[in-house]
Amino acid sequence: MTRAFTDEPVAPELVDELVDVARRAPTAGNTRALELLVLEGADQVGQYWDVTLPPDRRAGFPWPDLLRAPVLVVPFVDPEAYTARYAEADKAGTGLGEGLDAWPVPFWWVDGGMAAMSLLLAAEDRGLGALFFGIFEHEDAVKQRFGVPPTRRAIGAIAVGHRAPGDRPSGSGRRGRPPLDAVVHRGRWAGAEGR
């Protein structure tokens, strides 16, 4: 994940490629409930930061060069579209069309995450830097600023641009990853003896 960007623009056709890759990510029942808010250039990106990180709070922000990213993509999902899709004849037998609470795993978050990951990987593949980060308590303000319908839910936001020299990882990166054999359970869950 890149946290320091230059302000060099990303070619519009490259941005289109990235969001097209995200659009093609898997989706449960081909629900097609993903929409992408693309903010490009200092004015649009600046409006995002004005809502989520006002100027008076920026002095202590640990990644000031993140604010220079020339593109932000905010993936939104429509949870209600999933209940509508799963109420259709070919999916009605699942019972998932009965309401949002019928979903033991809310696939709108899963599908939105796959779209975000697809975009992140596509950016990396094209030599760009990218960072997924949360919107948290600012979701409603972002929706209001950019005219997003209230029924849509933000997955998070993705900064895209050219990496700046001196990009540094977050402190969480020092935790490393667990070894493969600690996370892969072949044939049976490790430690499940006697069950």
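Conventions used here
- Residues numbered from 1 in each chain as written.
- Predicted model: local features only at pLDDT ≥ 70, side-chain atom pairs only at ≥ 80, totals over all residues.
- Heavy atoms only, no water.
- Salt bridge = Lys/Arg side-chain N within 4 Å of Asp/Glu carboxyl O.
- Buried < 20%, exposed > 50% of the residue type's maximum accessible area, 1.4 Å probe, protein only.
- Helix = DSSP H or I, 4+ residues; strand = E, 2+ residues; numbered from the N terminus.
- Contact = heavy atoms within 4.5 Å.
- Expected span 1.5 Å × (residues − 1).
- Arc of directions from axis to C-beta.
- Axes fitted to C-alpha atoms, helices over the stretch in contact; angles between N-to-C directions.
- Left-handed = near helix turned anticlockwise from the far one by under 90°.
- Nonpolar A, V, L, I, M, F, W, Y, C, P; charged D, E, K, R; others polar.
- Patch = residues over 30% accessible without salt bridge, like charges linked within 9 Å, V, L, I, M, F, W, Y side chains within 5 Å.
- Areas by Shrake-Rupley, 256 points an atom, 1.4 Å probe, with all protein chains shown as cover.
- Phe/Tyr/Trp six-rings, centres within 6.5 Å; stacked < 30°, edge-to-face > 60°.

Caption draft 1: A look at the pattern of salt bridges. Tallied over the full model, the rule gives 15 salt bridges. Where D20 meets R24, a salt bridge forms, and the shortest distance between an N and an O atom there is 3.0 Å. The partly exposed category is assigned to D20, whose relative accessible area is 26%. Under the relative-accessibility criterion, R24 is labelled exposed at 60%. In this structure, R152 engages D78 in a salt bridge whose closest nitrogen and oxygen atoms are separated by 3.7 Å. Here D78 lies in the loop between β2 (71-77) and α3 (79-85) and R152 lies in the loop between α5 (139-146) and β4 (153-154), a separation of 74 residues in the sequence. In terms of burial, R152 and D78 fall into one category: buried. Here the residues in one salt-bridge network are E139, D140, K143 and R153, joined through shared partners.

Caption draft 2: Looking closely at the side chain of T52. Secondary-structure assignment places T52 in helix α2 (residues 41-52). Given a relative accessible area of 8%, T52 falls into the buried group. With residues near it in sequence (within four places) discarded, T52 still touches R57, H138 and V142.

Caption draft 3: Region of interest: the environment of F146. Examined against the element boundaries, F146 turns out to sit in helix α5. Along the sequence, F146 and L39 sit 107 residues apart, while their C-alpha atoms lie 9.6 Å from each other.

Caption draft 4: Highlighting α2. Compared with an ideal rise of 1.5 Å per residue, which puts twelve residues at 16 Å, α2 spans 17 Å between its outermost C-alpha atoms and is within 8% of the ideal. Within the span of α2, buried status applies to V45, Y48, W49, V51 and T52. Projection of α2 onto a plane perpendicular to its axis shows the buried side chains occupying an angular sector of 165°, all on one side. Residues of α2 that are exposed and angled more than 90 degrees away from the buried face: A42 and D43.

Caption draft 5: Region of the structure containing the packing of α2 against α5. Close contact between α2 and α5 brings their axes to 9 Å; oriented N to C, the two are set at 145°. Handedness of the crossing formed by α2 with α5: right-handed. For the pair formed by α2 and α5, the contact residues are Q44, Q47, Y48, D50, V51 and T52 on the first element and A141, V142, R145 and F146 on the second. Taken together, the residues of the contact of α2 with α5 break down into five nonpolar, three polar and two charged.

Caption draft 6: Structural view of a nonpolar patch on the surface. Taken together, the side chains of V105, F107, V110 and M114 define a hydrophobic patch exposed on the protein surface, amounting to about 280 Å² of accessible area. Within the fold, M114 resides in helix α4 (residues 107-125).

Caption draft 7: Expanded view of the packing of aromatic side chains. All told, the structure shown has nine aromatic pairs when counted by the stated rule. Arranged with centres 5.8 Å apart and planes meeting at 90°, the rings of Y82 and W103 form a pair that is edge-to-face. Of the two residues, Y82 sits in helix α3 while W103 sits in the loop between α3 and α4, which places them 21 residues apart along the sequence. On the accessibility criterion, Y82 (1% relative accessible area) is buried.

Caption draft 8: Structural context of unusual backbone geometry. Of note in the backbone geometry, N30 takes a positive phi value of approximately 50° without being a glycine. The residue N30 is located in the loop between α1 (12-23) and β1 (34-40) in this model. Looking at N30, the relative accessible area reads 45%, which means it is partly exposed. One non-glycine residue, R32, lies in positive phi territory at about 60°. As for its position among the elements, R32 is in the loop between α1 and β1.

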